[in-house]
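Listed below, chain by chain, are the residues.
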Amino acid sequence: MFMCSSGSYWFCDDFQAGNADKWDLIPSGSTADGKFAVNAESEGANNSVLQYTAAAKGGVLALVKSASFTGVTSGDYYVEARFKPQANSTTSNKRLVLMGRYVDANNWYGILLNVQNSTGSTQVELVKMINGTLTRTIQMKQAIAMDSEWYTVRLEMIGSSVKGYFNGTPVSNATYPDGKVTYTELTAKGLTGIYTDNKSFQVDDIKAGDPSVKPVLLSIDGASTWTAEAGDAARTVNVTALKSDGTTADTYTVKSSDTSVVTVSQSGNVVTLKPVGAGSAAITFTSGSDSAVTRTITATIGAQFVMPTATYNLSGKVLPVAGDSAAYADTPLQLTFDCPPVVGTNGSIRIFKKSDDTLVDTIKLTGEIDNIGYSGQTAVRSAYSNPVRVNGNTLTINPHNSKLSYGTEYYVAISNGAVTGTINKVNFVGIGKTANWSFKTKAAGPTGTTVTVDDDGSTADFRTVQGALNYAMQNYSGTAEAPVTINVKNGTYEELLYLRGKNNVTIKGESRDGTIIQYKNYEGLNSGSGASQAPGSGTPAGGRAVLLIEQADLLTLDTLTLKNTMLRSTTVSSQAETLYFNARDTDRLIAKNAAFYSEQDTIQVKGYAWFYNTLIAGNVDFIWGANRAALFENSEIRSVGDTAKSPSGNYVLQARTVGATDPGFVFLNSKLTQGVGPGGEPLADKATYLARAAAGTWYDNIVFVNTKMDSHVNEVGWAANLFSNPNPNPAAASATSGWREYNSMDLAGNKLDTSKRSTTAKILTDAEAAPYLSRDKVFSGYNSGAGWVPTP
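Conventions and cut-offs
- Residues numbered from 1 in each chain as written.
- Predicted model: local features only at pLDDT ≥ 70, side-chain atom pairs only at ≥ 80, totals over all residues.
- Heavy atoms only, no water.
- Helix = DSSP H or I, 4+ residues; strand = E, 2+ residues; numbered from the N terminus.
- Rg over C-alpha atoms; globule rule 2.2 N^0.38 Å.
- Buried < 20%, exposed > 50% of the residue type's maximum accessible area, 1.4 Å probe, protein only.
- Contact = heavy atoms within 4.5 Å.
- Lys, Arg positive; Asp, Glu negative; His and termini not counted.
- Charge placed at Lys NZ, Arg CZ, Asp CG, Glu CD.
- Pairing = 2+ DSSP bridges.
- Axes fitted to C-alpha atoms, helices over the stretch in contact; angles between N-to-C directions.
- Disulfide = S-S within 2.5 Å.
- Phe/Tyr/Trp six-rings, centres within 6.5 Å; stacked < 30°, edge-to-face > 60°.
- Salt bridge = Lys/Arg side-chain N within 4 Å of Asp/Glu carboxyl O.

What follows deals with the overall build of the protein. Looking only at helices and strands, the protein has 4 helices and 66 strands in total. In terms of C-alpha radius of gyration, the protein reaches 28 Å, essentially the compact-globule figure of 28 Å for 792 residues. A principal-axis box enclosing the C-alpha atoms of the protein has dimensions of 80 × 75 × 50 Å. In the protein, which comprises 792 residues, the proportion classed as buried is 54%. Across the protein, the fraction of contacts at a sequence separation of at least 24, relative to all contacts at a separation of at least 6, is 67%. Of the side chains in the protein, 65 bear a positive and 70 a negative charge, and the two mean positions are spaced by 1 Å.

Glancing now at the sheet that holds strand β29 (residues 348-353). A sheet is described by the order of its strands in space; here 5 strands give the open sequence β26-β39-β35-β29-β30, paired in mixed fashion. The sheet terminates laterally at β26 (324-327) and β30 (359-364), the two strands that pair on one side only. Looking at each pair of strands side by side, their axes are set apart by 30° on average, direction ignored. Where β26 and strand β39 (residues 438-441) come together, 2 bridges link them in parallel fashion. Its bridge partner being in β39, Ala-327 is matched across the sheet by Thr-441.

Before going further, it helps to examine the pairing of strand β47 (residues 555-558). The alternating pattern of β47 places Leu-555 and Leu-557 and Thr-556 and Asp-558 on opposite faces, both of which are buried. Here strand β44 (residues 505-509) pairs with β47 via 3 bridges, running parallel. The residue bridging Thr-506 from the neighbouring strand is Thr-556, located in β47. Bridge analysis of β47 against strand β50 (residues 588-592) gives 4 bridges, and the strand direction is parallel. Opposite Thr-556, over in β50, you have Ile-590 as the bridge partner.

One open sheet holds the 8 strands; their spatial order is β42-β45-β48-β51-β54-β57-β60-β63, and the pairing between them is parallel. What marks the edges here is a single partner per strand, and that holds for β42 (491-494) and β63 (708-709). Of the strand pairs in this sheet, strand β54 (residues 615-618) and strand β57 (residues 636-640) are connected by 4 bridges, and their pairing is parallel. Along β57, the bridge assignment pairs Ile-616 with Ile-637.

This model, assessed by the stated rule, comprises 1 disulfide. At a sulfur-sulfur separation of 2.0 Å, the disulfide partner of Cys-4 is Cys-12. Taking the sign of the torsion about the S-S bond as the criterion, the disulfide between Cys-4 and Cys-12, at about -80°, is left-handed. Side by side, Cys-4 and Cys-12 carry an identical accessibility label, which is buried.

Here the structure, examined in full by the defined rule, presents 30 aromatic pairs. Each ring, one from Phe-337 and one from Phe-428, has its centre 5.3 Å from the other, and the planes form 75°; the classification is edge-to-face. Taken as a pair, Phe-337 in the loop between β27 (333-336) and β28 (342-343) and Phe-428 in the loop between β38 (426-427) and β39 lie far apart in primary sequence, 91 residues in all. As far as burial versus exposure is concerned, Phe-337 and Phe-428 are alike and both buried. Three or more aromatic residues joined by ring pairs make a cluster, and in this case those are Phe-596, Phe-611, Phe-632, Phe-665, Phe-667, Phe-704, Trp-718 and Trp-739.

Further remarks concern the pairing of β27. The alternating pattern of β27 places Leu-333 and Leu-335 on a buried face and Gln-334 and Thr-336 on a face that is not buried. By the bridge criterion, 2 bridges tie strand β25 (residues 318-319) to β27 in an arrangement that is antiparallel. Paired with Leu-319 across the bridge in β27 is Gln-334.

Checked against the element boundaries, Ser-385 lands in strand β32 (residues 381-385). For Ser-385, a relative accessible area of 12% puts it in the buried group. Apart from residues lying up to four places away in sequence, Ser-385 is in contact with Glu-368, Asp-370 and Tyr-519.

Time to look at the environment of Lys-520. Within the secondary structure, Lys-520 is located in the loop between β45 (515-519) and β46 (547-550). For the pair Lys-520 and Thr-565, spaced 45 residues apart in sequence, the C-alpha to C-alpha distance is 4.7 Å. If sequence neighbours within four positions are ignored, Lys-520 has contacts with Asn-386, Glu-494, Leu-525, Asn-564, Thr-565 and Met-566.

Before going further, it helps to spend a moment on the pattern of salt bridges. In the structure shown here, the tally under the stated rule is 33 salt bridges. The partner of Lys-508 in a salt bridge is Asp-558, with the nearest N and O atoms 3.3 Å apart. Remark: Asp-558 occurs in strand β47 and Lys-508 occurs in strand β44; sequence separation between them is 50 residues. Judged by its relative accessible area of 32%, Lys-508 is partly exposed. With its nearest N and O atoms 2.7 Å apart, the salt bridge here joins Asp-553 to Arg-588.

What follows is the structure, encoded as structure tokens:
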């Protein structure tokens, strides 16, 4: 337990006196209406903390009294505190801020915890409030749970240099890799305090001191929760521990709260956790330099797997069928019950090699991670997945990517209790080797550069689209580069997709509406846009898109549908791309005769992209990205009702174009239409805006040319300085940059009245619109002026 008397601080309050006499709580003028109390951290605990219970409104909650802050003599100091966010249902905006150099409610610097219902959506931010405008300079993704852990945040201010720390780690991003930003507006020491939009929390150990003294660092890799079964493989945790000088290695201790559940062994900076018995345990890591700095892994361990012995009549009940001698190596597993089965929370599905009972794959019911890519691939898409699904009476199980080999016989086992239901009126109590759900994969994979995917046919090469992509990446990349065509038969393919390092791939469906590739992926499940990583290297970074594309030129998506089935009406963060084209500047994407469905962030593109005769549907910034040029030609851009609010309106685009004169997002001979949301939610009339700005150093380059627009588009057109949205960059459009239109029409082809458009936008003349009237002109800047002219 931390005590202020244990160190030398300019200000410190550990609340062990049982009061908050050093603080002005709910200061005069604050809009907050919650209540403070000094309580024991938990029942029977010796440590006292300051508890805030939110009510209806947030605001500035607490300010240190000037008389208590005299030890701080200038604006150069750090302020640090430990927070435990708590659940409360009175707000959807759950920001919690530790402030420094506080002048008044409209002027301060801060480090902000953005707490959401899902830890996949949370982040830490370095912010400033100047003249009532909040600037969020750095936003760093970080898991922050409620009612669970204590988090230490620090705001460091030295002259105009400001830096934030979360659990001893600098708050940083690609723009500010060292976490240091320059803020010049506030120089005096001001006060320190706490602000919230309306979040309940506990706070403790608030201190200020010499900013040259850095925080100790204790970090652990991987997730803070862990599920396994007794006897499973151990989990390895890599630990980083540094003293306050930021360079000297620190000691640390690690302890399991229940060694009958999880045992711990430590070797240097590597800790091994072994699941030994059913139950729950907290694994606590503690800094040797500061015992108040701890990290915790919460482990839930199920009973050890026991091979079931029950048998069933599996005729017509399983796929692959029992005894199949030519199963697909990428096949999903299906087991059909009499009624919809119920998937439990404990247990697993296991696949064994039949010849010697070698365990080949273990599929957990929850919290599963898949490394998407071919076997041996050094950069994979690592993502949390939901491999066990129920559709009607059928249980579908997706083995981990590339686990099964050709010419090998396997059998399937499901532990007792993992799934409940009946098969032919016999209670299901698991399935094992004696039940003989076994199959042998095909002797060899396909050859050649054209392959077929079919979810149920007998003449295909693959059962999954990713199986075909793995084949293309493994066999036709690098020196073996050759165009590959993947023909996909009609069907619904429930899978996440990944393509990296392979050019000239075409994925062609049998029909646009009949070939559907979909998955429920979202910010709350897989945080961030997505990037590749080495297999098993830390927290999955595969991102929230259905399809992630990296280092791949000339991918063509033809005559198919990509759908992200995530709904915004759920309580978790709902950014959910269908595709993320994470491209290099010279990479190109083609989508033609295709459809893309989601609600928020449907399409995210970089590099160069051409969408032709294609439908894109969504409702919040559903076309966006840090691109060079994306042309949407002869296409339909459909704004749909929002499952989170009805009736609704929102924004079509958020451009983050790289260069000032890059074309950005160009819409040519297309139409903006409206439709109901996934649940029939209506779209409000005149409540949709063409775009909103993202703020930052990128450019809001968007141009609509010969575009038909329905009545859902507001007459102002562009959301500049509306609804807390900033002005675009540039603030006033030119002929080559910013928000622009030319010859906008209603759906009947009548010229629109654009006289009320935002003053930040520009209506182009005939001459100014000329560079956007054909695809060869739009893509003329490709590859340093070499140009690109794609064809239908």
